[in-house]
Every structure is written in C-alpha cells, then in structure tokens.
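# Close look at the chain arrangement
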Amino acid sequence: MDANGLEGIVVADTTLSDVDGERGRLVIRGHDVEPLALQHDFEAACALLWSGALPDHGAHAALRAGLGRARVHAFARLGALGDALDARDAMDALRAALAHLHADGLAPLPLKLEITAAVAVSATAWLRRRAGCEAIAPDPALGHAADLLRMAGMAFAAREQAARARALDTYLVAASDHGMNASTFTARVVASTHSDAVSAVVAAIGALKGPLHGGAPGPVLAMLDAIGSPEQAPQWVARELAAGRRIMGMGHRVYRVRDPRAAVMERAIERLEAGGVRSPRLALARAVEAVAVASLGERRPERRLAANVEFYTAVILDAVGLPPELFSAVFAAARVAGWLAHIDEQVAGGRLIRPASRYVGPQPSLAEAA
Ligand code: COA
C-alpha cells in the first residue's frame, strides 16, 4: 500500500496561510503568526481570514457585536439539540450539535458567524452539562475568547480574567489556520462537491478529533502529569519509546524544526505569568520537551522531530483554566475560522477534489470473464 499520506502533494493554491516546515515559519494572510497572535484578538483573525485584511476599528466592533449576537442565538437553540450534548466526548457533542444547524442558516446573521458561535457555545454547554450544571448564557458585549471562558464557568477577579482571556485570544489566533492540515483538507473536499458549509465543518470536526491531529493536547497534559517532575522525564520518555509508543505533542508532518506556534504559546504563557496567573506546568513542559527532542533525535536523526503546537497548547489551555476534556473542542473553536475561509476559497476557485487510487486487488478470473 502507498502510505505516503499525500505528503508534499499540493492540492490547492491558497491565499490564506503558508507553512514553511524547513524554516519553522507560519504566515497567515501576509502576517507572521507571532506578532499576529500576540497583538490581535480572535475577531481580528476572523476578519483577516474572511475578508483578507485586518479590520479597522469600526469593522472590528461590528464583527465583535455580530459574533456576540450569534452566540446568543446559538444559546437560544441549545434546547433544540436533543441529546447531542450528552455525548461522552466533547468532539462527538460538537459534531452532533453543529449538524443541527440549517445549511442555509437560521439566524438573521451571516452563516459564518452562526457556525463560529455555535462551536464555542455548544462546547462550553457540553462541559457544563457534563459537570451537572446549567449552561451559562453568553454575554454578547464580551469578546469571543473572554465569553468562551465565562461560558465554561471560569470566573476570576477582573484583572486575572482579562489576562486569561488575552492568553486564550493568542491561542485562538495562532490556531486559526495552518495550511492544508487534515481537517482543512476534509472541509475543502466536502466544499469541492458544492455541498454546504455546515456539512463541511461537521466533516472537519470529525477529522480534528483524532489524536494525530487535534486530539493531542489532552494526552500531552496526561503525559506531563504521569511524568510528574523533570527528573523522571528521561526514564519515562525512554520507556515510552522502547514500548513503541509516540510522544504526544512531538513531531509534525510539515515542520522539520520546532513549530513556530509553540514559541507563540510560550510567550503567551510568560505574559500570563507576568499578569499574575501562574502556569503550573510550564517548567515541567520545558524539561520534558528537551528530553523528548534529544531522545527522538538519537533514535531518528534523519526525521528531526520537535515540539508541535499541541505540546504548549496543553500548557496554555491548562493555565487559562480550561479542563483537558475541552482542549480539542477549543481547538475547533479556533480552527473553524480557517475552515470557513478555506470553504469559501474552494467554492470560489476550486475544482471537484477527486483523486485516483491504484487498484491492487484481484482481477476477475478468465472463466468469469468468458
Ligand atoms: N513520537 C515518537 N515517534 C514519532 C513521533 C512521536 N511523537 N512522531 C513521529 N515519530 C516517528 C514515527 O514513529 C515514524 O517512525 P517509523 O518510520 O519508524 O514508523 C517516523 O517518526 C515518521 O512518523 P510519521 O508518522 O510518518 O510522521 P507523520 O508525518 O505521518 O505524522 C504526526 C506526524 C504529527 C502525526 C506524528 O509526528 C505524531 O503522531 N505525533 C504525535 C501526535 C501529535 O502530537 N499530534 C499533533 C499533531 S499537530
């Protein structure tokens, strides 16, 4: 079987983002990811991805208000989701909840806002239900990141809350788009058939769920907890590799150096700590990263495996107060901005995506053919 996983195959021209795996650089619509994520909020990233430019003050305020209204609308529809939010896994709940959206939209709002809001509202409502609590109604006056934290039940003193929301904004922007990753490709395949955006996003959620894509941060946190202290890291990593298991948060299909978003997350965590919010796992994560990179380098010197975004995603989402069972759904809350931009781009200029396969099965027997 050809198992190259389409590595290196170009399937689209895009103006949305560029991943330079050799130099460790990510450009989102003309902006390096680090300044973009550290200086702008999620609404600005949505505007950039959806319209091609960072918004001016008026456009930003309009998008923020529209997204706030869309969260209120999504919240009002929670009762119509049946048992979607009873799923044990947040991504299963998200897939079922988003599938309830009407392909043409229901809200008197652009469908992009309705879909983006539904991800944050459904994910946080799932978390509350799981804890046996009522869902928390959105506050449309807040920014999307701040309201996501609020709806998840994270309430802290105002200054600390602002620092956490800012860190979450950095995460959401940094994770908003990333070339032709598996979930984005999935969304584009669905969009290429001229299906609808809701169907494309539901399919993308399914792709993002897997631990080889967006499902790694939860296991990264579990790994850090299992290791416990920097001194235990060499032994733990050696044991995992000897058992043939992968180190979560390490390695990437495209990057041959450290994922640039890992550094963005680190900067955001440092900023969070400067704002008075301690990140309980930063020191341990840095120690484990050093050990894992060295061990993987010894085993596979030609493959160059380094930390990917998910490694520090676990640390930052934990530091802002979110529980690991919500990590993949928060990734979806960020990446949905990119999915929607790719869906538009695919519909506007793309062709039906329909690759070929090589048949290696049996041929009909001659007797059958006769
Ligand atoms: N730990 C240990 N070994 C790893 C590894 C990791 N995290 N990532 C890759 N490898 C090894 C593989 O075992 C493979 O070795 P082999 O050829 O002896 O089988 C080799 O490196 C190449 O890996 P491959 O799976 O072909 O790379 P890929 O491009 O298909 O996969 C990932 C990329 C991200 C799926 C992979 O690195 C991985 O599974 N990482 C852990 C999960 C993770 O962090 N996911 C989040 C991604 S953002």
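Note that this is a predicted model, so its numbers are computed, not measured.

Next up on the list: the domain arrangement of the protein chain. You can read the domains of the protein chain as domain 1 (31–156 + 179–209 + 334–349) and domain 2 (217–319). The centre of domain 1, based on its C-alpha atoms, is set 27 Å off from the matching centre of domain 2. Of the residues lining the interface, five residues belong to domain 1; the matching set on domain 2 comes to seven residues. Roughly 480 Å² of surface becomes buried between domain 1 and domain 2 when both sides are summed, with 66% attributable to carbon and sulfur atoms. A per-residue breakdown of the area domain 1 buries against domain 2 is headed by Val 33, Glu 34 and Leu 38, which together make up 84% of the total. Counting across the interface, domain 1 meets domain 2 through zero salt bridges.

Moving on, we come to the site of the ligand. The ligand sits among 19 residues. The nearest are Arg 246, Ile 247, Met 250, Arg 253 and Arg 300. Residue Arg 303 places a side-chain N or O atom 3.0 Å away from an oxygen atom belonging to the ligand. Protein coverage of the free-state accessible area of the ligand, which is 850 Å², stands at 74%.

Here we take up the pairing of strand β1 (residues 17–20). By the bridge criterion, four bridges tie β1 to strand β2 (residues 25–28) in an arrangement that is antiparallel. When the bridges of β2 are listed, Ser 17 appears paired with Ile 28. Counted along the chain from β1 to the antiparallel partner β2, the turn is four residues long, and its residue Gly 24 has a positive phi close to 70 degrees.

Let us now look at the side chain of Thr 124. By secondary structure assignment, the location of Thr 124 is in helix α5 (residues 111–130). Judged by its relative accessible area of 2%, Thr 124 falls in the buried class. Side-chain polar atoms of Thr 124 contact the backbone oxygen of Ala 120, separated by 2.8 Å. If we skip the residues at most four places from it in the chain, Thr 124 touches Leu 148, Met 151 and Ala 152.

Here the focus is the pairing of β2. Across a regular strand the side chains alternate sides, sitting on one face of the sheet and then on the other. By the bridge criterion, two bridges tie β2 to strand β3 (residues 31–32) in an arrangement that is antiparallel. Residue Val 27 lies in a different strand from β3, and its bridge partner there is Asp 32. Between the antiparallel neighbours β2 and β3 lie two residues, among them Arg 29 with a positive phi of about 45 degrees.

Now for the pattern of salt bridges. Summed over the entire model, instances satisfying the criterion amount to 24 salt bridges. For the salt bridge of Arg 256 with Glu 7, the shortest nitrogen-to-oxygen distance reads 3.5 Å. Within this pair, whereas Arg 256 is found in the loop between α11 (233–242) and α12 (260–274), its partner Glu 7 is found in the segment before β1, the two being separated by 249 residues in sequence. Its relative accessible area of 12% is what places Arg 256 among the buried residues. Take Glu 7: its relative accessible area is 36%, and that puts it in the partly exposed class.

Let us now look at helix α10 (residues 217–227). Among all positions of α10, only Pro 217, Gly 218, Val 220, Leu 221, Met 223, Leu 224 and Ile 227 are buried. The inward-facing, buried residues of α10 abut α11, α13 (282–299), α14 (309–320) and α15 (327–349). Looking one or two places after α10, you find Gly 228, whose phi comes out positive at around 80 degrees.

Under the definition given, this model contains one aromatic pair. The residue whose ring lies beneath Arg 164 is Phe 156, and the NZ or CZ to ring-centre distance is 3.5 Å.

Moving on, we come to the packing of α13 against α14. Pairs of packed helices are described in terms of their axes, by the angle between the two and the distance that separates them. Look at α13 against α14: their axes get within 10 Å of each other, and the N-to-C directions meet at 165 degrees. By the angle between their directions, the pair α13 and α14 is classed as roughly antiparallel. When the axes of α13 and α14 are compared, the crossing they make is right-handed. Here Leu 282, Ala 285, Arg 286, Val 288 and Glu 289 of α13 come into contact with α14, specifically with Phe 311, Tyr 312 and Val 315. Broken down by class, the residue content of the contact of α13 with α14 amounts to six nonpolar, no polar and two charged.

With that out of the way, let us pick up the sheet that holds β3. With antiparallel pairing, three strands are arranged side by side in an open sheet as β1-β2-β3. Lying at the two open borders of the sheet, with one neighbouring strand each, are β1 and β3.

α13 packs onto α11 with a crossing angle of 40 degrees between their chain directions and a minimal axis gap of 9 Å. In terms of orientation, α11 and α13 fall into the oblique class. As α11 packs across α13, the resulting crossing turns out to be right-handed. The segment α11 lies against α13, with Ala 233, Pro 234, Val 237, Leu 241 and Ala 242 engaging Val 288, Val 291, Ala 292, Ser 295, Leu 296 and Arg 299. A breakdown of the residues in the contact of α11 with α13 according to their chemical character gives nine nonpolar, one polar and one charged.

It is worth spelling out the environment of Arg 303 at this point. If you trace the backbone, Arg 303 turns up in the loop between α13 and α14. Counting along the chain gives 215 residues from Arg 303 to Arg 88, while the straight-line C-alpha distance between them is 36 Å. With residues near it in sequence (within four places) discarded, Arg 303 still touches Glu 7, His 252 and Arg 256.

A few words on the nonpolar core. Core analysis: the largest hydrophobic core is formed by 119 residues, its most contacted members being Leu 98, Leu 168, Tyr 171 and Leu 322. If one sorts the elements of this core by residue count, α15 sits on top with 13 residues. Formed jointly, this core draws a minimum of three residues from each of two domains, domain 1 (31–156 + 179–209 + 334–349) and domain 2 (217–319). When residues no more than four places from it in sequence are discounted, the contact partners of Leu 168 are Ala 145, Leu 148, Leu 149, Leu 317, Val 320, Leu 322 and Val 330.

Thresholds applied
Residues numbered from 1 in each chain as written. Predicted model: local features only at pLDDT ≥ 70, side-chain atom pairs only at ≥ 80, totals over all residues. Heavy atoms only, no water. Domains from an automatic or database assignment. Contact = heavy atoms within 4.5 Å. Buried area = accessible area lost by both parts, 1.4 Å probe. Salt bridge = Lys/Arg side-chain N within 4 Å of Asp/Glu carboxyl O. Near = heavy atom within 4 Å. Polar contact = N/O pair within 3.5 Å; in protein donor to acceptor, adjacent residues only side chain to side chain. Areas by Shrake-Rupley, 256 points an atom, 1.4 Å probe, with all protein chains shown as cover. Pairing = 2+ DSSP bridges. Helix = DSSP H or I, 4+ residues; strand = E, 2+ residues; numbered from the N terminus. Buried < 20%, exposed > 50% of the residue type's maximum accessible area, 1.4 Å probe, protein only. Phe/Tyr/Trp six-rings, centres within 6.5 Å; stacked < 30°, edge-to-face > 60°. Lys NZ or Arg CZ within 6 Å of the ring centre and 35° of its normal. Axes fitted to C-alpha atoms, helices over the stretch in contact; angles between N-to-C directions. Parallel < 35°, antiparallel > 145°, perpendicular 65-115°, else oblique. Left-handed = near helix turned anticlockwise from the far one by under 90°. Nonpolar A, V, L, I, M, F, W, Y, C, P; charged D, E, K, R; others polar. Core = buried A, V, L, I, M, F, W, Y, C linked by side-chain atoms within 4.5 Å.

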